[in-house]
Amino acid sequence: MRMWVNGGLRDADDARVSVLDHGLTVGDGVFETVKAVGGSTFALTRHLDRLTRSARGLGLPDPDLDEVRRACAAVLDANPMALGRLRITYTGGLSPLGSDRGDAGPGLVVALGEARRRPDTTAVITVPWTRNERGALAGLKTTSYAENVVALARAHEHGASEALFANTVGQLCEGTGSNVFVVVDGRLYTPPVASGCLAGITRALAVEWTGAEETDLPFDVLEQAEEIFLTSTLRDVQSVHRVDGRELSGEPGPVTTKAMRIFDERAGNDLDP
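None of the values given here were measured: they were computed from a predicted structure.

**Student:** Any chance you could break down the overall build of the protein for me, citing the residues and the numbers?
**Tutor:** What the protein contains, in helices and strands, is six helices and 15 strands. Taking 273 residues into account, the globule formula puts the C-alpha radius of gyration at 19 Å, and the protein, at 19 Å, falls close to it. Counting only C-alpha atoms, the protein reaches 55 × 40 × 30 Å along its principal axes. For the protein, contacts bridging at least 24 residues in sequence account for 69% of all contacts bridging at least 6. In the form shown here, the protein has an accessible surface area of approximately 12,700 Å², with 50% of it arising from carbon and sulfur atoms. Seen as two clouds, the 28 positive and the 38 negative side-chain charges of the protein have centres 2 Å apart.

**Student:** Give me the lowdown on the packing of aromatic side chains, citing residues and values where you can.
**Tutor:** Under the definition given, this model contains four aromatic pairs. Between F31 and Y145, the ring centres sit 5.2 Å apart and the planes meet at 80°, which makes this aromatic pair edge-to-face. Of the two residues, F31 sits in strand β3 (residues 29–37) while Y145 sits in the loop between β7 (121–131) and α4 (146–157), which places them 114 residues apart along the sequence. Considering the side-chain rings of F181 and F229, the 4.8 Å spacing of their centres and the 15° angle between planes classify their relative orientation as stacked.

**Student:** Which residues make up the sheet that holds strand β1 (residues 2–5), and what values do they have?
**Tutor:** Across a sheet, paired strands are connected by hydrogen bonds in the backbone, their directions being either parallel or antiparallel. Pairing is antiparallel across the open sheet formed by six strands, whose spatial order is β2-β1-β6-β5-β3-β4. The open sheet terminates on both sides in strands that have one partner only, identified here as β2 (8–11) and β4 (40–41). Pairing of strand β5 (residues 83–91) with strand β6 (residues 107–114) involves eight bridges; the strand directions are antiparallel. When the bridges of β6 are listed, G84 appears paired with E114.

**Student:** Tell me about the nonpolar core, and name the residues and values.
**Tutor:** Counting residues in each nonpolar core, the largest one holds 23 residues, and the members touching the most others are W4, L86, I88, V110 and L112. Secondary structure elements with two or more residues in this core: β3, α2 (44–58), α3 (65–78), β5 and β6. Per element, the largest residue contribution to this core is six residues, and it comes from α3. When neighbours within four sequence positions are excluded, L112 is seen to be in contact with M1, A36, V75, L76, N79, M81, G84, R85 and L86. Ranked by size, the runner-up nonpolar core spans 18 residues in total, among them L188, I201, A206 and F263.

**Student:** Which residues make up the pattern of salt bridges, and what values do they have?
**Tutor:** In the structure shown here, the tally under the stated rule is 15 salt bridges. With a closest N to O distance of 3.3 Å, R117 and D120 form a salt bridge. On the basis of relative accessibility, which here comes to 35%, the residue D120 falls in the partly exposed class. Taking the shortest distance from any N to any O, the salt bridge between R187 and E213 comes out at 2.6 Å. Of this pair, R187 sits in strand β11 (residues 187–190) while E213 is found in strand β12 (residues 213–214), placing the two residues 26 residues apart along the sequence. Residue classification places R187 among the partly exposed positions, given a relative accessible area of 44%.

**Student:** Describe in detail the packing of α2 against helix α5 (residues 201–210), supporting the description with residues and values.
**Tutor:** Two elements in contact, α2 and α5, have axes whose closest approach is 10 Å; the angle formed by their N-to-C orientations is 125°. Judged by the angle between their axes, α2 and α5 are oblique. Note that α2 runs across α5; the crossing there is right-handed. On the side of α2, the interface is formed by R46, H47 and R50, while α5 contributes I201, A204, L205 and E208.

**Student:** Could you give an account of α3, with specific residues and numbers?
**Tutor:** Counted at 1.5 Å a residue, the expected span for α3 with its 14 residues is 20 Å, and the 20 Å between its end C-alpha atoms agrees. One side-chain oxygen at the N-terminal end of α3 lies 3.1 Å from the backbone nitrogen of D66; it belongs to D64.

Thresholds, definitions, all that
Residues numbered from 1 in each chain as written. Predicted model: local features only at pLDDT ≥ 70, side-chain atom pairs only at ≥ 80, totals over all residues. Heavy atoms only, no water. Helix = DSSP H or I, 4+ residues; strand = E, 2+ residues; numbered from the N terminus. Rg over C-alpha atoms; globule rule 2.2 N^0.38 Å. Contact = heavy atoms within 4.5 Å. Areas by Shrake-Rupley, 256 points an atom, 1.4 Å probe, with all protein chains shown as cover. Lys, Arg positive; Asp, Glu negative; His and termini not counted. Charge placed at Lys NZ, Arg CZ, Asp CG, Glu CD. Phe/Tyr/Trp six-rings, centres within 6.5 Å; stacked < 30°, edge-to-face > 60°. Pairing = 2+ DSSP bridges. Core = buried A, V, L, I, M, F, W, Y, C linked by side-chain atoms within 4.5 Å. Buried < 20%, exposed > 50% of the residue type's maximum accessible area, 1.4 Å probe, protein only. Salt bridge = Lys/Arg side-chain N within 4 Å of Asp/Glu carboxyl O. Axes fitted to C-alpha atoms, helices over the stretch in contact; angles between N-to-C directions. Parallel < 35°, antiparallel > 145°, perpendicular 65-115°, else oblique. Left-handed = near helix turned anticlockwise from the far one by under 90°. Expected span 1.5 Å × (residues − 1). Polar contact = N/O pair within 3.5 Å; in protein donor to acceptor, adjacent residues only side chain to side chain.

In structure tokens form, the structure reads like this:
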């Protein structure tokens, strides 16, 4: 495995960043996960646009997107695989021990790992912790991911692949690494970005391609929704068959099935929508 680290490809055993990198010491960094199919990226332009938005939200300089694209191409070319998770990480770079940034400039790492196609349905749980829709990091895809690690570990303990959060005012928000859609009275809804959720790339495409409505939703909508599905870079559209102790249909419902079909068709026809 070869990875891009601060200007060039490195073998995995030699792919290192400093212990003083601000992304490590204080989580001062942003990232994107991009689906790679047969060496080709999906929706890379949208991901790079969001990488820039996240960097600006942290006060980092805009990433050099030409360099990022070169790094992605080099890593994909060096590591051929059928389905991969391409991870772009952009950090505050070498800095003092503390919250102040140094002046060495940002760091860039691009790595690739093999992935498997997700099952059509999955189980999720709800967790008691909340997303802060008014926080400084709301809506940014940062490397400060510890609360997601904790919540996802709890999901795995309960036989689920994802944990869902409310925000501080009791509205449905998002998963640890996914957005959530619900079907109520036959209509498809998803929380708005103002809820504090990440503006997911797959979420945006699903809204555009299915006509889903963005609206505030109470957290207990999960107890009444006729169908529920998740979206993310590697899930695409994935049906939910269990929420906590509530069992839904073991097969994707009609609205979810249509969304899955539309997403597969549109994504297959345009790798950079």
